[in-house]
Amino acid sequence: MSKKKLREDAETRFALMANDRAKYEPWWKELGKQFAQSRGRFHGEERAKQSPKRRNSRPYQIADAHAAGMQSGLMSPTRQWFTLNVFDRDLETIERVRAYLNEVQEIMQGRLLQSNFYDQAFDFLKEEGVYGTAAMFIEEDDEDVFVCKTLTAGQYSIGTDDRGRVNRFARSLSYTVLQLVEDFGYEHLPREIQAIVDRNESNNARFEVRHLIQPNTRYESPDPGPPGMAYQSLWWLPGYSDPLFVRESGYHEFPVIVARWRIIGNDIYGREQPADVALDDAQTLQDLETDARGALEREVKPPMLAPSSLAGKLDNRPNKVSLYEPIPTQGGVPAVTPLFNVKFSHEAAETKIAMLVQAIESAFFVDLFRMWSSDLRIGRTATEIQARDAERAYILGPVTLRQTNEFATKVLIRLFGILQRAPSEPENPMLPVPPPELAEKRVKIEYISEFALLQKQAARGGIEAVLAMAAQLAELQAATGGTPDVLDKIDPDEILDQVADMYAIPAGMVLGDDATERLREDRALAFKQQQEAAMAQEQMARAAQSAPDIARAAKDLSEAKMGGRGGNNALEFLTNALDEGGGTM
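Conventions and cut-offs
Residues numbered from 1 in each chain as written. Predicted model: local features only at pLDDT ≥ 70, side-chain atom pairs only at ≥ 80, totals over all residues. Heavy atoms only, no water. Helix = DSSP H or I, 4+ residues; strand = E, 2+ residues; numbered from the N terminus. Contact = heavy atoms within 4.5 Å. Areas by Shrake-Rupley, 256 points an atom, 1.4 Å probe, with all protein chains shown as cover. Patch = residues over 30% accessible without salt bridge, like charges linked within 9 Å, V, L, I, M, F, W, Y side chains within 5 Å. Salt bridge = Lys/Arg side-chain N within 4 Å of Asp/Glu carboxyl O. Buried < 20%, exposed > 50% of the residue type's maximum accessible area, 1.4 Å probe, protein only. Pairing = 2+ DSSP bridges. Axes fitted to C-alpha atoms, helices over the stretch in contact; angles between N-to-C directions. Lys, Arg positive; Asp, Glu negative; His and termini not counted. Charge placed at Lys NZ, Arg CZ, Asp CG, Glu CD. Core = buried A, V, L, I, M, F, W, Y, C linked by side-chain atoms within 4.5 Å. Polar contact = N/O pair within 3.5 Å; in protein donor to acceptor, adjacent residues only side chain to side chain. Phe/Tyr/Trp six-rings, centres within 6.5 Å; stacked < 30°, edge-to-face > 60°. Expected span 1.5 Å × (residues − 1). Arc of directions from axis to C-beta.

Asker: I keep staring at the overall build of the protein chain and nothing clicks. Help me out?
Answerer: Counting its regular elements, the protein chain contains 15 helices and twelve strands. Within the protein chain, residue pairs in contact and separated by at least 24 positions form 69% of the contacts whose partners lie at least 6 positions apart. With the model as given, the accessible surface of the protein chain reaches about 34,200 Å², and the carbon-plus-sulfur share is 53%.

Following this line, the structure appears as structure tokens:
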């Protein structure tokens, strides 16, 4: 494909993606107005918005609490939230395989902590909770290995493949002349902009730069360079055709992590996110808050009705005195009364506001997150907590599944690829060398976050139920005079491995099958040697006990005289007989 055709196709693709996004923008603006007024950039907005004036700030705070709760449950920076494993059950029991995967996991977890990922993850989760779609750019970096940047609604457009997976990304950026030179290089800019640089004109003119990432149709091999990369990255200035692109590059993995709350039909962007569910309640809350404040203001500072004779003579400021001349025909005192009586039930309004806030919190799952922490504070029993955990798992299960598939998994795949390619010294590689057993083997990611552990509670309960039933059956067999052979069906090693996986016990704490087998063989050998030593010691003790008897028998033989044998004693006779090879007594 020629570069001219590539540019034409890129322009067409960019326009189509922008048109798809435009259908969502009015909806996004209303969502941002209610829950995130400082977010969202539409129609080329680049500068931060002014601080919004909120009538009731609870919806904004709830959106923040939702993002914090989601991050704590999905990928808390204070605890391990994923492990690496293999699909082959035989391989995962090999100790060096487990050790390698554990080391790689620790390296990845450490790199995430050292980067700005968790800061950006909070913004990402808030964007998704409010707008239904969130995007995070993860770029390779020579200094920090990788850098993350969360974009806000309106700054980007996305496209999907025939399976609904996001595989295209487009955005429009605004550059000054100096930024163009620094980012793309003088030699790659159009001649018109080069002329501005040559004239050293310092104006505030800004230029639009378009960026499109899409599958690379020229993908040939995993060799370095754009033709060998799975995704194509194109940069150009609209309205300029020489050069057609100011930069052509590529990515080995899709560099933009895009998550969508829920997809309906052929929708490209997410829907039915918490802010969408709570939008009507948030609007009603703000309207009611406006009415309540207006009513309170009219009660405290009501509009007044007074005769015209007092015009300009009344001072309603605190501690001020208004002087006037009495008018006898009107009883001496002019009437000054409120224009109307305000009859507004503030108690009823507060009750309704509280109900609306509770409904918004429920839509954002904040009530579940709060219940989670309160269970630990008030000291509930383990059974009560387990029952409430089952309730939370039922509600959060679909949310957790989509977040892990579209967000967490993509982040870890991108990070692993970057670490594999990161420059490092031969004696100190970024990642360890995998053992030969993992050659051409796929590695799977298992999640052990708070949300993931909730989902695994049911499996643990099943294991406990089976063990309890096995114990009861064994007791029944023993009580009826039988052998409790039902316990033969229980494999303690497998049970321990399963439970350890559920709770993400580090590999070094639970040994693999091969290491366990060696330990048991060594123990059996040591036990055998101990038995043999005990037997030898026992034989020596017996020999020591019989030594006096043997000595006395030898003495008796030496003193006994053998008749007709030359006067020899019995012991000499036996000795001579043995030396001669036998004899008769």
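Once you've had a look at it, read on.
Asker: Any chance you could explain a nonpolar patch on the surface here in plain terms?
Answerer: There is a patch of nonpolar side chains on the surface, built from Met304, Leu314 and Val336 and spanning about 260 Å² of accessible area. For Val336, the position within the fold is in the loop between strand E10 (304–305) and strand E11 (337–338). By relative accessible area, which is 37% here, Val336 ends up partly exposed.

Asker: So what exactly am I meant to see when it comes to the sheet that holds strand E6 (residues 206–215) here?
Answerer: Backbone hydrogen bonds are what pair the strands of a sheet, in a parallel or an antiparallel way. Ordered in space as E4-E5-E6-E7-E8, the five strands form an open sheet in which the pairing is antiparallel. For this open sheet the edge positions go to strand E4 (156–160) and strand E8 (247–251), each flanked by a neighbour on one side alone. Strand-to-strand, the axes of this sheet are offset by a mean angle of 20 degrees, without reference to chain direction. In terms of strand pairing, E4 meets strand E5 (residues 166–176) through five bridges, oriented antiparallel. Within the sheet, the bridge partner assigned to Gly159 lies in E5 and is Arg168. Where helix H1 (residues 3–22) meets the sheet, it contacts E4, E5, E6, strand E7 (231–236) and E8, and its direction lies at approximately 95 degrees from that of E6. Where helix H6 (residues 177–184) meets the sheet, it contacts E5, E6, E7 and E8, and its direction lies at approximately 130 degrees from that of E5.

Asker: Looking at this structure, how should I read a negative patch on the surface?
Answerer: Where like charges cluster on the molecular surface, the negative patch consists of Asp88, Asp90, Asp491, Asp513, Glu517, Glu521 and Asp522. Along the chain, the position of Glu521 falls in helix H14 (residues 513–559).

Asker: Help me understand the nonpolar core in this model?
Answerer: Within soluble globular proteins, side chains that are nonpolar tend to cluster in buried spots. Formed by 50 residues in total, the largest nonpolar core has its most connected members in Trp81, Leu112, Phe117 and Phe407. Here this core gets nine residues from one element, more than from any other, and that element is helix H11 (residues 382–421). When sequence neighbours within four positions are dropped, the list of residues in contact with Trp81 reads Leu74, Met75, Ser76, Gln109, Leu112, Tyr118, Ala408, Leu412, Glu446, Tyr447, Ile448 and Ser449.

Asker: Honestly, the side chain of Glu25 in this entry has me stumped. Any pointers?
Answerer: Of note, Glu25 is situated in helix H2 (residues 25–35). Separated by 3.0 Å, the side chains of Glu25 and Arg21 make a polar contact.

Asker: In this structure, what is going on with the pattern of salt bridges? I would like to understand it.
Answerer: It is possible for side chains of opposite charge to pair when their charged atoms get near one another. A full pass over the atoms with the stated rule returns 27 salt bridges. Where Lys126 meets Asp64, a salt bridge forms, and the shortest distance between an N and an O atom there is 2.6 Å. Placement of Lys126 in helix H5 (residues 117–131) and of Asp64 in helix H3 (residues 58–75) is noted, with a sequence separation of 62 residues between them. Residue Lys126 is classed as buried on the basis of its relative accessible area of 2%. Overall, the relative accessible area of 25% leaves Asp64 in the partly exposed class. One continuous salt-bridge network, built from bridges that share partners, spans Arg7, Glu11, Glu208 and Arg210.

Asker: Would you take a moment to explain the pairing of strand E9 (residues 256–260) for this structure?
Answerer: Regular strands show a simple pattern: their side chains alternate between the two faces of the sheet. Among the five residues of E9, five are classified as buried, and the element is accordingly described as predominantly covered. Side chains of E9 alternate between two faces, with Val256, Val258 and Arg260 and Ile257 and Ala259 buried alike. For strand E2 (residues 133–141) and E9, the ladder comprises five bridges, and the chain directions are antiparallel. The residue bridging Ala134 from the neighbouring strand is Ala259, located in E9.

Asker: Mind showing me how you'd approach the sheet that holds E9 here?
Answerer: A sheet is described by the order of its strands in space; here three strands give the open sequence E3-E2-E9, paired in antiparallel fashion. The sheet is open, and its two edges are formed by strand E3 (145–151) and E9, each paired on a single side. Taking each pair of neighbouring strands and ignoring which way they run, the sheet shows an average axis angle of 20 degrees. Note that E2 and E3 share seven bridges and pair antiparallel. Note on E3: the bridge partner recorded for Glu139 is Val147. Contacts from H5 reach E2, E3 and E9, with the element oriented near 155 degrees to E2.

Asker: Got a minute to help me understand the packing of aromatic side chains in this structure?
Answerer: Aromatic ring pairs: the centre-centre distance and the angle between the two ring planes describe each pair. Counting across every chain of the model gives 19 aromatic pairs. Relative to Phe364, the ring of Phe35 has its centre 5.3 Å away and its plane inclined at 50 degrees; by these criteria the two rings are tilted. Placement of the pair is Phe35 in helix H2 and Phe364 in the loop between helix H9 (346–363) and helix H10 (366–377), with a sequence separation of 329 residues. Across the pair, Phe364 and Phe35 agree in class, each one buried.

Asker: Teacher, can you tell me more about unusual backbone geometry here?
Answerer: Most peptide bonds take the trans configuration, and most residues that are not glycine carry a negative phi. Cis geometry marks the peptide bond from Asp242 to Pro243; its omega dihedral reads 5 degrees. By secondary structure assignment, the location of Pro243 is in the loop between E7 and E8. Even without glycine at this site, Val145 takes up a positive phi of about 70 degrees. Relative to the elements of secondary structure, Val145 occurs in strand E3. Given the relative accessible area of 10%, Val145 is considered buried. For Glu272, which is not glycine, the phi dihedral falls at a positive 55 degrees. Topologically, Glu272 is positioned in the loop between E9 and helix H8 (274–300).

Asker: What exactly am I supposed to notice about H9 here?
Answerer: Residue pairs spaced three or four apart in an α-helix point in one direction, given the helix's 3.6 residues per turn. Taking 1.5 Å of rise per residue, the 18 residues of H9 would be expected to cover 26 Å, and the 26 Å separating its terminal C-alpha atoms lies within 8% of that figure. Taken together, the buried positions of H9 are Ala349, Ile353, Leu356, Val357, Ile360, Glu361 and Ala363. Down the axis of H9, the buried set is contained in an arc of 155 degrees. They therefore lie on one face. In H9, the exposed positions that point more than 90 degrees away from the buried face belong to Glu347 and Gln358. The first or second residue beyond H9 is Phe365, which carries a positive phi of 65 degrees.

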